[in-house]
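Residue-level structure breakdown
So the chains spell out like this:
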Amino acid sequence: MGRIIVAALAVVGMVVGTAAVPASGPDPGARRPSARVPAAIAWGACPADVAAPGLRCGTLAVPVDHTRADGPTTTLGVSLAPAGGGAPRRGTIVVNPGGPGGGGMWLADLVRRAMPERVRQSYDIVGVDPRGNHHSDPISCVDASFDRAPKPDPVPATAQDEQRLIERARDYARGCAERAGDLLPHLGTLENARDLDLVRAALGQSRISFIGWSYGTYLGAVYGHLFPERVDRMILDSVVDPRPDQVWYRINLRQDIAFQGRWRDLVAAEGADLEDLFARTLAGVRAEPAGGLVGPAELRDLATRALYNSRSWPEFAAALRAHDRGDPGPLAALYTPATAQDANGTAIYTAVECHDGPWPRDWSVWDRDARAVDRTAPLTTWSNTWLNAPCAFWPVPARTPPTIDGHDLPPVLLVQGTRDPATPPAGASALHQALPSSHLITVLDEGDHGILAFQPAPCVLRAASAYLTDGTLPPGRDTTCEAS
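Just so you know, the residues in each chain are numbered from 1, in the order the chain's sequence is written. Local features in this predicted model are restricted to residues of pLDDT 70 or higher, and side-chain atom pairs are both shown and tallied only at a pLDDT of 80 or more, whereas totals for entire chains, interfaces and linings draw on every residue. Note that water and hydrogens are dropped before the side-chain values are worked out from all heavy atoms of the structure.

Remarks on the overall build of the protein chain
The helix count covers DSSP runs of H or I at least four residues long, the strand count covers runs of E at least two residues long, and both are numbered beginning at the N terminus. Along the protein chain, the regular secondary structure elements total 16 helices and 9 strands. The C-alpha radius of gyration of the protein chain comes to 22 Å, within 12% of the 23 Å expected for a compact globule of 484 residues. On the principal axes, the C-alpha backbone points of the protein chain span a range of 60 × 45 × 45 Å. Put simply, the protein chain has 484 residues, and 59% of those count as buried. Calculation of accessible area relied on Shrake-Rupley with a 1.4 Å probe; when residues are assessed, cover is drawn exclusively from the protein chains displayed. Split by element, the accessible area of the protein chain, about 18,300 Å² in all, is 54% carbon and sulfur. On the protein chain, the mean spot of the 45 positive side-chain charges and the mean spot of the 54 negative ones are 3 Å from each other. Atoms counted for the radius of gyration: C-alpha only. Globule rule: 2.2 Å times the number of residues to the power 0.38. Note on exposure labels: buried denotes an accessible area under 20% of the residue type's maximum, exposed denotes more than 50%, and partly exposed covers the range between, all computed with a 1.4 Å probe on protein chains only. Neither His nor the chain ends is counted toward charge; the positive residues are Lys and Arg and the negative residues Asp and Glu. The atom standing in for a charge is NZ when the residue is Lys, CZ when it is Arg, CG when it is Asp and CD when it is Glu.

The following block contains the structure:
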């Protein structure tokens with residue numbers, strides 16, 4: 001999904017029939033209690049890249065394999081933003097920013113600052129770097145040179161181009177098998193959910209509240225499925241489709257379609273000439289990468305990144321126009337070379353998605369589906385295909401995703417924008433149906449990804465504040481409101 005990153009219903013109908021590798025074993029989401037009782041977290045200073053006033057950090061050892069509670073462990077990094085103390089403390093909110101891939105310790109301070117005062121006074125806020133991420137025994141799959149810019153053009157012009165990109169994906173999967181070691185078979189959303197419950201226990205809480213964005217909504221849904229009695233309040237914002245037949249192959253194809261729709265929104269906002277301008281820029285950077293770094297792959301990545309947040313559209317459009325005038329500087333300035341932390345995030349993204357659900361093992365299926373979607377959604381289809389292509393060669397058998405059952409959950413608040421390309425609205429509708437106690441706030445014409453805390457619509461912030469502090473939700477099961 002492009003780290004949280006996929007025509008019409010005819011195309012969707014095409015992918016429903018896609019043959020995928022059979023998933024292994026019985027439903028691993030079957031509910032069963034955790035057998036491990038973790039020690040309390042010893043709080044102290046935070047790593048420099050997480051540190052903020054009042055924020056405390058610590059670590060927690062969790063089993064590598066949750067079926068072997070007394071076996072080898074891996075370490076989670078955890079952060080705590082304590083409640084303000086001006087009101088009776090009512091609980092703990094664990095927050096997750098999405099992904100999969102990337103840390104979450106930094107988010108506790110951001111949420112603390114973004115929430116209304118009465119929420120800050122009522123809750124401790126906890127962030128976690130999920131297993132294998134950043135401050136939690138990070139893994140890698142390849143050397144830094146693998147993603148050195150400019151990367152290969154993701155759109156294959158010939159069969160030989162496509163074969164080279166297939167081999168690149170195969171090499172990536174092989175690198176994960178060689179470098180991630182014994183942790184690789186134990187990277188997935190089910191493991192992240194069970195780790196979350198051990199964080200709860202280490203905090204000394206019988207129940208926790210949870211706010212998840214993007215991939216974090218799927219993590220929250222799986223946690224609620226496994227441990228409904230341990231959920232206090234839960235907000236899931238920008239919702240991933242949890243249906244087992246969508247996780248994750250079909251989700252990515254639908255994402256490509258949604259990103260193309262959001263691209264049309266950008267073109268409408270920034271000028272109809274942008275479509276031709278982007279095509280000219282693609283041709284230009286194919287011949288001579290901007291700043292020696294921005295080739296076709298990087299340009300598509302920059303365009304995709306811009307579609308997550310409409311505030312970035314004017315700068316991106318201006319960079320394209322500058323390049324068209326012969327000045328590549330602004331476009332090159334938008335690009336940030338990949339860091340070791342980025343490489344770690346991509347490794348975890350790949351490991352989690354490849355393990356979470358079935359993927360086709362026959363490359364002809366990938367090729368057929370990519371070409372079909374690319375005909376109407378060319379912006380991201382091939383880039384997204386190659387991002388996920390290691391799953392065709394993944395060394396760990398795929399599992400059967402759990403069928404989310406929310407009948408035992410307390411009330412849950414869902415938040416979804418109608419134009420969000422990373423998590424299209426169908427995902428919120430599907431999760432809303434799976435969680436009978438849920439209330440869905442649909443924000444009309446909102447396409448920026450991650451509404452609450454990142455760019456909160458006033459109606460969402462009011463509803464979230466009331467829900468977290470006194471448990472009230474808007475009447476009925478559905479509410480619509482306007483974007484901010």
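On we go.
So, the pattern of salt bridges
Here, a salt bridge means any side-chain nitrogen of Lys or Arg that lies within 4 Å of a carboxyl oxygen of Asp or Glu. Using the criterion set out here, one finds 29 salt bridges in the structure. Between Arg371 and Asp367 there is a salt bridge whose closest N-O contact spans 2.9 Å. Placement of both Arg371 and Asp367 in helix H13 (residues 363–374) is noted, with a separation of 4 residues, approximately one turn of the helix. The exposure class assigned to Arg371 is partly exposed, which follows from its relative accessible area of 37%. Under the relative-accessibility criterion, Asp367 is labelled buried at 18%. Members of the salt-bridge network, linked through shared partners, are Arg262, Asp265, Arg311, Arg419 and Asp448.

So, the confidence of the model for the protein chain
For the protein chain, per-residue confidence averages 92 on the pLDDT scale, and residues scoring 70 or more make up 92% of the total. Confidence scores per residue from the predictor, reported as pLDDT, run from 0 to 100. The contact definition used throughout considers only heavy atoms, calling two residues in contact when any of these lie within 4.5 Å. The low-confidence segment residues 3–22 (pLDDT under 50) makes 68 contacts with residues lying over four places distant or belonging to another chain. In the model, residues 24–28 has pLDDT below 50 throughout and makes 13 contacts with residues more than four positions away in sequence or in other chains.

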